[in-house]
Amino acid sequence: MIDPFGRSVSYLRVSVTDRCDLRCVYCMAEDMSFLPKADILSLEELERLCTAFVRKGVRRIRLTGGEPLVRRNIMTLVDGLGRLLQTGQLDELTLTSNGTQLAKYADGLAKAGVRRINISLDTLDADKFAAVTRWGRLDQVLEGIMAAKRAGLAIKINTVALRGVNDTEYDRLMEWCGQHGFDLCLIETMPMGEIHADRMEQYLPLSDVRAGLARHWTLTDTDYRTGGPARYMQVAETGRRVGFITPMTHNFCESCNRVRITCTGTLFMCLGQDDAVDLRAPLRSSEADINLDQAIDQAIARKPKGHDFIIDRQTGPAVSRHMSVTGG
Ligand code: SAM
Ligand code: SF4
């Protein structure tokens, strides 16, 4: 699949549910209303959708959400996609998770062929963790992370840089990741969805964070890429990498290779634009995939050049949907 700007689309992100057992302050409002259950694709339908994309050239799939591991029977989908790994139709199956359910699922994920996992962790301070997730318990997540480590999964910790929340903790997170053999990836907050909070107050440019880190750590540029938008640096003291995802200070669209589907079968060609294509109707219209394939082709032909996120007080969120709908 080649888009109008010559970019090859080989990476699919699938938000398997918009629901979550946490309510991170930058991601969701406390009183979120979720998609009606009736609109949500079954796991079988999601697998059929993923298989259609694989047939069209997608080589990597990331399951995300909401929290992917709170979707009931999620392992049915993971195992189904794992079979595409075995047959060589897919190169990689990964997940982004908040870690709360990993103690239960880590072994099963590894068995299905998952080799890498991104786990979100914004702070190592139990009180701050409870505040930033509104409902979360740090010990439960740490237990999940250690279960994933024991299962042999390569772990990347995703940390959203939040002014006034974790801005004194990046050195500690670097050290902790180094001790456990994890990579760390820092993310700028993006203006997605109404969260009843002031994003200007939360927003912290990663250029500042990087300058702070460079005072204590020897960072060298690398050309390591994971297929995602992060730029990585090698950390000499820990032997691990630190990545920076800077949608606000550095537009990462020129190398975008991905599209996203929601749990209702809506295809978003860009995380930061509202244009979307419904794939549920063509999926359900026939057991053959002709209509679906056609709808996918038409959508890829509409993939926009990029996003135009701006954080300021006047404009509100750049897109009205929350990150949990399209997945991070
Ligand atoms: N629940 C899972 C988790 O937290 O990892 C997967 C979904 S979550 C939406 C995916 C990633 O998006 C997380 O790393 C989260 O921190 C990040 N995220 C959520 N809202 C964001 C926002 N407004 N700006 C930047 N990152 C955001
Ligand atoms: Fe849930 Fe992940 Fe959003 Fe936090 S960032 S509320 S864990 S979906």
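Refer to the preceding data block for the structure.
So, how was this worked out
- Residues numbered from 1 in each chain as written.
- Chains lettered and ligands numbered in written order.
- Predicted model: local features only at pLDDT ≥ 70, side-chain atom pairs only at ≥ 80, totals over all residues.
- Heavy atoms only, no water.
- Near = heavy atom within 4 Å.
- Polar contact = N/O pair within 3.5 Å; in protein donor to acceptor, adjacent residues only side chain to side chain.
- Areas by Shrake-Rupley, 256 points an atom, 1.4 Å probe, with all protein chains shown as cover.
- Helix = DSSP H or I, 4+ residues; strand = E, 2+ residues; numbered from the N terminus.
- Nonpolar A, V, L, I, M, F, W, Y, C, P; charged D, E, K, R; others polar.
- Core = buried A, V, L, I, M, F, W, Y, C linked by side-chain atoms within 4.5 Å.
- Buried < 20%, exposed > 50% of the residue type's maximum accessible area, 1.4 Å probe, protein only.
- Contact = heavy atoms within 4.5 Å.
- Axes fitted to C-alpha atoms, helices over the stretch in contact; angles between N-to-C directions.
- Left-handed = near helix turned anticlockwise from the far one by under 90°.
- Pairing = 2+ DSSP bridges.
- Parallel < 35°, antiparallel > 145°, perpendicular 65-115°, else oblique.

Student: Which residues make up the site of ligand 1, and what are the values?
Tutor: Around ligand 1 there are 19 residues in total, and Tyr26, Gly66, Glu67, Ser120 and Met190 lie nearest to it. The separation between an oxygen atom of ligand 1 and a polar side-chain atom of Tyr26 is 3.0 Å. Residue Glu67 places a side-chain N or O atom 3.2 Å away from a nitrogen atom belonging to ligand 1. Alone, ligand 1 offers 540 Å² of accessible surface; in the complex the protein occludes 96% of this. Every element with two or more residues in the shell around ligand 1 is listed here: strand S3 (92-97) and strand S5 (154-160). Its residues assigned to classes, the shell around ligand 1 comprises 6 nonpolar, 10 polar and 3 charged.

Student: Any chance you could break down the nonpolar core for me, citing the residues and the numbers?
Tutor: The biggest cluster of nonpolar side chains holds 79 residues, and the ones touching the most others in it are Phe53, Ile61, Leu63, Ile157 and Leu279. Each residue touching Ile157, except ones within four places of it in the same chain, is listed here: Ile119, Leu121, Ile145, Trp176, Cys177, Phe182, Asp183, Leu184 and Cys185. Counting 18 residues, the second-largest nonpolar core is a separate cluster that includes Ala29, Val160, Cys185 and Ile245.

Student: Got a sec to walk through the packing of helix H1 (residues 43-55) against helix H10 (residues 290-300)? Specific residues and values, please.
Tutor: The axes of two packed helices give the description: the angle between them and the distance between them. Taken N-terminus to C-terminus, the directions of H1 and H10 make an angle of 60°; their axes are 11 Å apart at the nearest point. When you trace H1 past H10, the crossing you get is right-handed. Along its contact with H1, which presents Leu49, Ala52, Phe53 and Arg55, the element H10 presents Leu292, Asp293 and Ile296. Each residue belonging to the contact of H1 with H10 can be placed in one class, and the counts come to 5 nonpolar, no polar and 2 charged.

Student: Give me the lowdown on the site of ligand 2, citing residues and values where you can.
Tutor: The environment of ligand 2 is formed by Cys20, Leu22, Arg23, Cys24, Cys27, Met28, Gly66 and Asn98. Of the residues belonging to the shell around ligand 2, the class tally is 5 nonpolar, 2 polar and 1 charged.

Student: Tell me about the pairing of strand S9 (residues 241-245), residues and numbers included.
Tutor: Buried residues dominate S9, accounting for 4 of its 5 residues. Taken together, the 4 bridges between strand S6 (residues 183-187) and S9 define a ladder with parallel strand orientation. Bridging from a neighbouring strand, Cys185 pairs with Gly243 of S9. Pairing geometry for strand S8 (residues 231-235) and S9, over 4 bridges, is antiparallel. Directly across from Gln234, in S9, lies its bridge partner Arg241.

Student: Outline the side chain of Asp289, listing residues and values.
Tutor: The topology assignment puts Asp289 in the loop between helix H9 (280-285) and H10. Setting aside residues no more than four positions away along its own chain, Asp289 makes contact with Arg48 and Arg55.

Student: Mind laying out the packing of helix H2 (residues 74-86) against helix H3 (residues 102-112), listing which residues take part and the relevant values?
Tutor: For the pair H2 and H3, interaxial distance at closest approach is 8 Å and the crossing angle is 25°. Overall, the two elements H2 and H3 adopt an arrangement that is roughly parallel. Where H2 abuts H3, its residues Ile74, Met75, Val78, Asp79, Gly82 and Leu85 lie against Tyr105, Gly108, Leu109 and Ala112. Residue classes in the contact of H2 with H3 are distributed as 7 nonpolar, 2 polar and 1 charged.

Student: Please provide a residue-by-residue account of the sheet that holds S6, values included.
Tutor: On the basis of which strands lie adjacent, the open sheet formed by 12 strands has the order S7-S8-S9-S6-S5-S4-S3-S2-S1-S10-S11-S12 and mixed pairing. The strands lining the two open edges of the sheet, one partner per strand, are strand S7 (219-221) and strand S12 (276-278). Along the sheet, successive strands turn relative to each other by an average axial angle of 25°, direction set aside. Of the strand pairs in this sheet, strand S2 (residues 60-64) and S3 are connected by 4 bridges, and their pairing is parallel. Bridge pairing in S3 places Ile61 opposite Leu93. Its contacts with the sheet put H2 on S2 and S3, and the angle it makes with S3 is roughly 150°. Against the sheet, helix H5 (residues 138-150) contacts strand S4 (116-120) and S5, and its axis sits at roughly 150° relative to S5.

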